[in-house]
Amino acid sequence: MPLRDFRIPEFDAPEVQLPTGELAHETTIVSMGPQHPSTHGVLRLMLKLDGESVLQVVPVIGYLHRGTEKIAEKRSYAMIVPYTDRLDYISSMYMNLGYVRAVEGLLGIEAPPRARVIRTILGELQRIASHLVWLGTFGLDLGAWTAFIYCFRERELILDLFEQICGARLTYNAIRIGGIVADLPAGWEDGLRAYLTAQEQGLRDYEGLLTGNPVFRARIEGIGVISAADALNWGLSGPSLRGSGSTFDLRKDDPYECYGEVDFHVATADSGDCLGRYEVRIQEMHESLSIIRQLLPRLQEPGEVQTKVPRVLKPPAGEFYAHVEAPRGIFGVYVVSDGSANPVRVRFRSPSFANLSALNTMCAGMKLADVVAILGSIDIVLGEVDR
Amino acid sequence: MLELLRQALIIIGVLAVPFLIASGLTWGERRLLALFQDRYGPNRVGPGGVLQVAADMFKILMKEDWTPPFADRPVFVLAPAIIIIATLSSFAVLTFAPGIAVADLNIGLLFFLAMSSMAVYSVVLAGWASNNKYALLGSLRAVGQMLSYEVFMGLSLMGVVIQAGSFSLGTITRAQQHLWFCVPQVVGFVVFTIAGLAETRRIPFDLPEAESELVAGYHTEYSGLKFAMFFLGEYVGITLIAALVTALFLGGWWGPVLPPLVWFLLKTLVVIAFFILVRAALPRLRFDQLMEFGWKLMLPLSLLNLLVTGAVVLWQEGLRF
């Protein structure tokens, strides 16, 4: 197969028809990225513009491809966990969890109850941390700078909590096969409580800055609309799907860890636009706080945080698929074993990749500035798109 | 001879002070923004970080001043000079305190409006000469934005002109001895402040250089001293608009106890701080929203203000006859 020439992108999707009765125009092709302030990493967007109106968007991906799936074939099961950290590096904890659950399924083991509680809490903290990065950068994309600083202020507290558990602040490698890396250090719960209080004030701060701000609303209301049916057809998941009215959430529909034992709502919005996705994520942060609060008393129960697993893992020949509701959507891991110490195949189903594919549909007929808003609202992480 | 010396001193002062304020602003804005955003800002160089200005200037002067080979060289070099000249020369018509003015022209306001139109050229030529798509898009936005906002920027000032009966900034300030024009001309005040924000291309009107869309907009290709000129030009522009708001609406030098010049300076700094607060609070508008806001809301508003002011002034004069 000949190499694709990225200098002249193939604009093969159907063009958007502009309203008739306009003057004859010339179109401009702008290559946005891979070095660009708001493509959230190394994404390149080929834009066909008519003045400020966007006719077509073609994402060019692969700049961050590291062959994680191929590398995984040459590593033992435990050694793959740190590689999953680097997939969606904004929510490493959840990447760990997805992979570890697949291997646990393959081995037929389960983490002890205390580890499951801690995993759930860490997962929800990670969801909030991830949504905070999203909220901050989304505001930044629209020119609202202050919210960005506020979000990172509270995210810092979460990272401190993570650091106390595993020593790392971004790539945690904290969730291990059959448990978690270590039990909670002394005083961790007090830190968590202090954080929960700070976060509630923080959420009021962000909402005070953004939600009611007329300029902010004008920028995202009715922008990048995608219907629930379209969203499902494109394979969208997570807040990007729930922003269109769907209530699909693996935490409810296929509960894992402790999600079956806590009470929470699945946040949805009906509008399907950037505002809908914004509302869903804000609501999800509130829900996550409530989940953590419900699980707090269970941290008092003592217990093991790691089941006994052999030093060299050799799962029986077979295959297993595990999926979790990562902050960006369904993160699925498919592992095939032939009974040896290395997996035959590891396949990651990343939510950002599917979510990004709908970009052109959402951008139809929008303005250049809206592309940035829409891209921000679907919240992609390139480490996960390219893998 | 003494009179000549005095004039020379004033001219030097009017040239130097805006520059000083503008370069001080490069530090002051960051510190103030940091204050609004719950962080520290530059606080390492010198007491409170004030010497950051010197460090920044030194750094930017040492940078390679690169002209892209695909750029239209003469225009590319000329563009940053225009913005500095146009904004600085507007300071000439300002009256800072009784007797302290370079040239209190009887058409001072018109001179300012003409000069701010000149500044548009700088942005347009910079974007065009850069031969870069982002720069071109940025300057396209700048033309649309600045030309349309100038229309009602001028109109919003006419209410003041009618009330003071003069285009001279000195006369206008003198007319505010008992009542600042921001009270009877509140609509004009608001409209002019918004238009001023748009003229200086500040958030929420910073579309020509919207970094999340256009990288750096019209000055994407600029570096070194030429970039510093745009950078400084923006701050000189802010200082100019703030000084004008002070002179036209906030009573200029009038104020108790303190000397007139200090009052003028203080009021100007407060207006600048307000501009910075706006930047901390608001996101950026989209281009079509910006145009809609300008033509459909601000223009009718300033026209209405002009009509009402004219009618009221005529009615009052009618009473006097």
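Residues numbered from 1 in each chain as written. Chains lettered and ligands numbered in written order. Predicted model: local features only at pLDDT ≥ 70, side-chain atom pairs only at ≥ 80, totals over all residues. Heavy atoms only, no water.

## Digging into the overall build of chain B
So, point 1. Looking only at helices and strands, one finds eleven helices and two strands in chain B.
So, point 2. Shown N-terminal to C-terminal, the secondary structure of chain B runs as helices and strands in the order α-α-α-β-β-α-α-α-α-α-α-α-α.
So, point 3. For a compact globule of 321 residues, the expected C-alpha radius of gyration is about 20 Å, and chain B comes in at 20 Å, within 12% of that figure.
So, point 4. Expressed along its principal axes, the backbone C-alpha trace of chain B runs to roughly 70 × 50 × 45 Å.
So, point 5. Split into buried and exposed, the 321 residues of chain B put 52% on the buried side.
So, point 6. A total of about 14,200 Å² of accessible surface is found on chain B, and carbon and sulfur atoms cover 75% of it.
So, point 7. For chain B, the distance from the average site of its 20 positive side-chain charges to the average site of its 19 negative ones is 5 Å. (Helix = DSSP H or I, 4+ residues; strand = E, 2+ residues; numbered from the N terminus. Rg over C-alpha atoms; globule rule 2.2 N^0.38 Å. Buried < 20%, exposed > 50% of the residue type's maximum accessible area, 1.4 Å probe, protein only. Areas by Shrake-Rupley, 256 points an atom, 1.4 Å probe, with all protein chains shown as cover. Lys, Arg positive; Asp, Glu negative; His and termini not counted. Charge placed at Lys NZ, Arg CZ, Asp CG, Glu CD.)

## Remarks on the overall build of chain A
So, point 1. Helix and strand counts for chain A stand at 15 helices and eight strands.
So, point 2. A compact globule built from 387 residues should have a C-alpha radius of gyration of about 21 Å, and chain A, at 21 Å, falls within 12% of that.
So, point 3. Dimensions of chain A, computed from C-alpha atoms along their principal axes, come out at roughly 75 × 55 × 35 Å.
So, point 4. Of the roughly 14,900 Å² of accessible surface on chain A, 55% is carried by carbon and sulfur atoms.
So, point 5. The average position of the 38 basic charges and that of the 48 acidic charges among the side chains of chain A differ by 6 Å.

## Thoughts on the sheet that holds strand E8 (residues 345–349) of chain A
Residue and element names in this part refer to chain A.
So, point 1. Ordered in space as E6-E7-E8, the three strands form an open sheet in which the pairing is antiparallel. The open sheet has two free edges, formed respectively by strand E6 (318–326) and E8, since each of these has just one partner strand. The sheet shows a mean angle of 10° between the axes of neighbouring strands, direction not considered.
So, point 2. Two elements, strand E7 (residues 329–337) and E8, share five bridges in a ladder whose sense is antiparallel. Directly across from Gly332, in E8, lies its bridge partner Arg349.
So, point 3. Along the sheet face, helix H3 (residues 92–107) touches E6 and E7 and points at about 150° away from the line of E6. (Pairing = 2+ DSSP bridges. Axes fitted to C-alpha atoms, helices over the stretch in contact; angles between N-to-C directions. Contact = heavy atoms within 4.5 Å.)

## Focus on the interface of chain A and chain B
So, point 1. Every contact between the two is made by 34 residues of chain A and, on the other side, 26 residues of chain B.
So, point 2. Here chain A meets chain B over a buried area of about 2,500 Å², counting both sides, of which 57% is carbon and sulfur.
So, point 3. The largest share of the area that chain A buries against chain B comes from Glu52, Trp145 and Val215 of chain A, three residues that together contribute 21% of it.
So, point 4. Inspection of the chain A/chain B interface yields ten residue pairs in polar contact (both at pLDDT 80 or more). (Buried area = accessible area lost by both parts, 1.4 Å probe. Polar contact = N/O pair within 3.5 Å; in protein donor to acceptor, adjacent residues only side chain to side chain.)

## Looking at the packing of aromatic side chains
Residue and element names in this part refer to chain A.
So, point 1. The tally for this structure, following the rule as stated, stands at 20 aromatic pairs over all chains.
So, point 2. Ring geometry for Tyr259 versus Phe264: centroids 6.3 Å apart, planes at 65°, classification edge-to-face. Across the pair, exposure class does not vary: Tyr259 and Phe264 are buried alike. (Phe/Tyr/Trp six-rings, centres within 6.5 Å; stacked < 30°, edge-to-face > 60°.)

## Points about the layout of surface pockets
Residues and elements named next belong to chain B.
So, point 1. By volume, the largest pocket amounts to about 930 Å³.
So, point 2. Around the largest pocket, the lining comprises 35 residues; the ones closest to its centre are Glu209, Phe227, Phe231, Tyr235 and Arg279.
So, point 3. When contributions to the lining of the largest pocket are tallied by element, the ones reaching two or more residues are helix H1 (2–36), helix H2 (52–62) and helix H9 (224–249).
So, point 4. It is H9 that provides the largest number of residues to the lining of the largest pocket, a total of six residues. (1 Å grid on protein atoms, 1.4 Å probe; cavity = no way out; pocket = protein on both sides within 12 Å on 5 of 7 lines; lining within 4 Å. Points joined across faces, edges and corners; volume = space filled by probe spheres on them.)

## Notes on the sheet that holds strand E2 (residues 44–50) of chain A
So, point 1. Pairing within the open sheet is antiparallel, and its three strands lie in the order E1-E2-E3 (chain A). Both outer strands of the open sheet, strand E1 (28–32) and strand E3 (53–60) of chain A, are each paired with one neighbouring strand and no more. Strand-to-strand twist of the sheet, defined as the mean angle between neighbouring strand axes without regard to direction, takes the value 20°.
So, point 2. In the sheet, E1 of chain A pairs with E2 of chain A via five bridges, with the strands oriented antiparallel. Within E2 of chain A, the residue paired with Val30 of chain A across the bridge is Leu47 of chain A.
So, point 3. Contacts from helix H14 (residues 368–378) of chain A reach E1, E2 and E3 of chain A, with the element oriented near 150° to E2 of chain A.
So, point 4. With respect to the sheet, helix H5 (residues 133–164) of chain B is in contact with E1 and E2 of chain A, its orientation differing from that of E1 of chain A by roughly 115°.

## A word on the packing of helix H6 (residues 188–209) of chain A against helix H11 (residues 274–295) of chain A
Residues and elements named next belong to chain A.
So, point 1. The contact between H6 and H11 brings their axes to 11 Å, and the two run at 160°. If you check the angle between H6 and H11, you find them roughly antiparallel. Crossing geometry of H6 relative to H11 is assigned as left-handed. Across the interface between the two elements, Leu192, Tyr195, Leu196, Thr197, Gln199, Glu200, Leu203 and Glu207 from H6 touch Ile282, Met285, His286, Leu289, Ile292 and Arg293 from H11. (Parallel < 35°, antiparallel > 145°, perpendicular 65-115°, else oblique. Left-handed = near helix turned anticlockwise from the far one by under 90°.)

## Looking at empty space enclosed by the protein
So, point 1. Counted according to the given criterion, the structure contains two cavities of 30 Å³ or more.
So, point 2. Roughly 150 Å³ of internal volume is contained in the largest cavity.
So, point 3. Considering the residues around the largest cavity, the lining is formed by 18 residues, among which Thr87, Ala119, Glu199, Thr200 and Gly237 of chain B are closest to the centre.
So, point 4. Within the residue set of the lining of the largest cavity, elements represented by two or more residues are helix H3 (73–90), helix H4 (108–130), H5 and H9 of chain B.
So, point 5. Split by residue class, the lining of the largest cavity holds nine nonpolar, six polar and three charged.
So, point 6. Of the volumes computed, that of the second largest cavity is approximately 30 Å³.
So, point 7. Along the walls of the second largest cavity sit Ala144, Trp145, Thr146, Ala147, Leu209, Leu210 and Asn213 of chain A together with Ala280, Ala281 and Pro283 of chain B, which together make up its complete lining.
So, point 8. Contributing elements (two or more residues each) for the lining of the second largest cavity: helix H5 (146–166) of chain A together with helix H10 (260–281) of chain B.
So, point 9. A breakdown of the residues in the lining of the second largest cavity according to their chemical character gives eight nonpolar, two polar and no charged. (Nonpolar A, V, L, I, M, F, W, Y, C, P; charged D, E, K, R; others polar.)

## Details of the environment of Asn305 of chain B
All names here are of chain B.
So, point 1. Within the fold, Asn305 resides in helix H11 (residues 287–320).
So, point 2. Sequence separation of Asn305 and Leu155 is 150 residues, and the distance between their C-alpha atoms is 8.9 Å.
So, point 3. Contact partners of Asn305, with chain neighbours within four places excluded, come to Ser156, Gln185, Val187 and Gly188.

## A few points about the pattern of salt bridges
Pairs may arise between side chains of opposite charge once their charged atoms sit close together.
All names here are of chain A.
So, point 1. For the coordinates displayed, the defined rule picks out 33 salt bridges over all chains.
So, point 2. Arg169 serves as the salt-bridge partner of Glu163, at 3.0 Å between the closest nitrogen and oxygen.
So, point 3. In this structure, a network of salt bridges that share partners links the residues Glu124, Arg127, Arg242, Asp249, Arg251, Glu284 and Glu325. (Salt bridge = Lys/Arg side-chain N within 4 Å of Asp/Glu carboxyl O.)

## Remarks on the nonpolar core
So, point 1. In this structure, Leu125, Trp188, Leu192 and Tyr278 of chain A are the most contacted members of the largest nonpolar core, which totals 115 residues.
So, point 2. The leading source of residues in this core is helix H4 (residues 113–141) of chain A, at twelve residues.
So, point 3. If we skip the residues at most four places from it in the chain, Trp188 of chain A touches Ile121, Leu122, Leu125, Leu161, Gln164, Ile165 and Leu299 of chain A.
So, point 4. One finds Phe96, Val160, Leu169 and Leu250 of chain B within the second-largest nonpolar core, a separate group that totals 76 residues. (Core = buried A, V, L, I, M, F, W, Y, C linked by side-chain atoms within 4.5 Å.)

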